[in-house]
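Notes for the structure review
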Amino acid sequence: MPFKNLRQQQQQQTGRKHFAVLLDPDNLDEATCLQLLALSELHPIDFFFVGGSLITTNNQGGLIRLLKSNSDIPVILFPSNSLHIDKQADGILLLSLISGRNPEFLIGQHILSAPILKASQLHVYPTGYMLIDTGRQTTASYMSGTTPIPYDKPEIAACTAMAGEMLGLRYIYMDGGSGAQNPISAAMISAVRKAVDIPVIVGGGINTKQKAKAALDAGADVIVVGNHIEKNPGFLAEVSQIVSSYNVALDIHR
Ligand code: 1GP
């Protein structure tokens, strides 16, 4: 599975960039999903992330089934709690909310999930999840009862990521929240990138090509786009081209 190639040494050596499309089961109808699948045939993406901070419908299982029956792109769960585990997926971001101080999301839900995950075929990706304040309270910070890291404090983000890496987490996910007014600053992404050796995933509010490039230039190894692709599926193609352009340049210079 391509996501396994995100292991830190390979990532650090190659600098290869990745693109994840986040699908919120509450927001997607079947027609849009099929449109995105068709686009992803022409414009490569690396992963589908599936999940949301609050899922109010019963659509997640059907969405994953649709993705798995129409595509080989890995489907990775992006859960907000243990209720969102679905064995049809390929893997799961086991998120420890290290920006917060709520034990339920640092370890509590993980204990509930552990026996289910152990008995499943899901590949588990231990991920330090950091919510970043990007201008307004997000569903994720409200639902988790945690305070996000202040927007203009890259040093807090860097130290938090370092601690996560030292605790053995294998990925850092910096999230400004779905539909964030502003994306996470380049200064903060860059500070985290320099502070750790593990792959850095960045999402929240990436809704222009410039914002996608800014996150990649600052050091994001994976960028995640959800909201804007749900509204404008063609944005998938635009971001795919940008990410490919970074990787083509790498291949030429190899
Ligand atoms: C949110 O990082 C994701 O958890 C993606 O954010 O929906 O704003 O692209 P957007």
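Computed from a predicted model, the values in this text were never measured in an experiment.

1. Remarks on helix H2 (residues 30-42)
In this model H2 runs 19 Å from its N-terminal to its C-terminal C-alpha over 13 residues, within 8% of the 18 Å that 1.5 Å per residue would give. Within H2, burial applies to Thr32, Cys33, Leu36, Leu37, Leu39 and Ser40. In an axial view of H2, the angular spread of the buried residues amounts to 165°, which keeps them on one side of the axis. Within H2, the exposed residues directed more than 90 degrees away from the buried face are Glu30, Ala31, Glu41 and Leu42. Looking at where H2 begins, the residue whose side-chain oxygen comes 3.2 Å from the main-chain nitrogen of Ala31 is Asp29.

2. As for the confidence of the model for the protein
Taken over all residues, the pLDDT of the protein has a mean of 93, while the share at 70 or more is 94%. Contacts of residues 5-9 to residues separated by more than four positions or lying in other chains number 14 contacts, the stretch itself having pLDDT below 50.

3. Remarks on a nonpolar patch on the surface
Nonpolar side chains collect at one region of the surface, where Leu54, Tyr142 and Met143 lie side by side and expose about 330 Å² of accessible area between them. Within the element layout of this structure, Tyr142 appears in helix H5 (residues 139-144). A relative accessible area of 59% places Tyr142 in the exposed class.

4. Brief notes about the layout of surface pockets
Estimates place the volume of the largest pocket at around 530 Å³. As for the largest pocket, its lining consists of 32 residues, of which Leu22, Gly177, Ser178, Gly179 and Asn227 are closest to the centre. Broken down by element, the lining of the largest pocket gets its largest block of residues, 4 residues, from helix H9 (residues 227-231). Per-class residue counts for the lining of the largest pocket are 10 nonpolar, 17 polar and 5 charged. Of the volumes computed, that of the second largest pocket is approximately 400 Å³. What lines the second largest pocket is a set of 26 residues, and nearest its centre among them are Pro79, Ser80, Asn81, Leu95 and Phe105. Broken down by secondary-structure element, the contributors of at least two residues to the lining of the second largest pocket are strand S4 (91-97), helix H4 (103-118), strand S5 (123-131) and H5. In terms of residue count, S4 provides more of the lining of the second largest pocket than any other element does, 6 residues in total.

Calculation notes
- Here the residue index of a chain counts from 1 through its sequence in written order.
- Two thresholds apply to this predicted model, a pLDDT of at least 70 for residue-level local features and 80 or more for giving and counting side-chain atom pairs, whereas whole-chain, interface and lining totals are computed over all residues.
- Hydrogen atoms and water are omitted, and side-chain values are computed over all heavy atoms in the structure.
- Going along the chain from the N terminus, every DSSP run of H or I of four or more residues is numbered as a helix, and every run of E of two or more is numbered as a strand.
- A helix is expected to reach a length of 1.5 Å times the quantity of its residues less one.
- Buried means the residue's accessible area, taken with a 1.4 Å probe over protein chains only, is under 20% of the maximum for its type, while exposed means over 50%, and partly exposed covers the values in between.
- To obtain the arc, one takes the directions from the helix axis to the C-beta atoms.
- Pairs of N or O atoms within 3.5 Å make up the polar contacts considered here, provided that, within protein, one atom can donate a hydrogen while the other can accept it, and that residues adjacent in sequence are counted only when both atoms are side-chain atoms.
- Scored from 0 to 100, pLDDT reflects the predictor's confidence in each residue.
- Whether two residues are in contact is decided by their heavy atoms, any of which lying within 4.5 Å being enough.
- Any residue with relative accessible area above 30% and no salt bridge may belong to a patch, with like charges joined within 9 Å and the nonpolar Val, Leu, Ile, Met, Phe, Trp and Tyr side chains within 5 Å.
- Here the Shrake-Rupley method, with its probe set to 1.4 Å, supplies the accessible areas, and only the displayed protein chains count as covering residues.
- Throughout this description, the term salt bridge denotes a Lys or Arg side-chain nitrogen within 4 Å of a carboxyl oxygen of Asp or Glu.
- Cavity: a set of points on a 1 Å grid over the protein atoms alone where a 1.4 Å probe fits but cannot get out. Pocket: an open set with protein on both sides within 12 Å along at least five of seven lines, its lining residues, like those of a cavity, having an atom within 4 Å of a point.
- Grid points are joined across faces, edges and corners, and a volume is the space filled by probe spheres set on the points.
- Think of it as three bins: nonpolar holds Ala, Val, Leu, Ile, Met, Phe, Trp, Tyr, Cys and Pro, charged holds Asp, Glu, Lys and Arg, and polar takes everything else, Gly as well.

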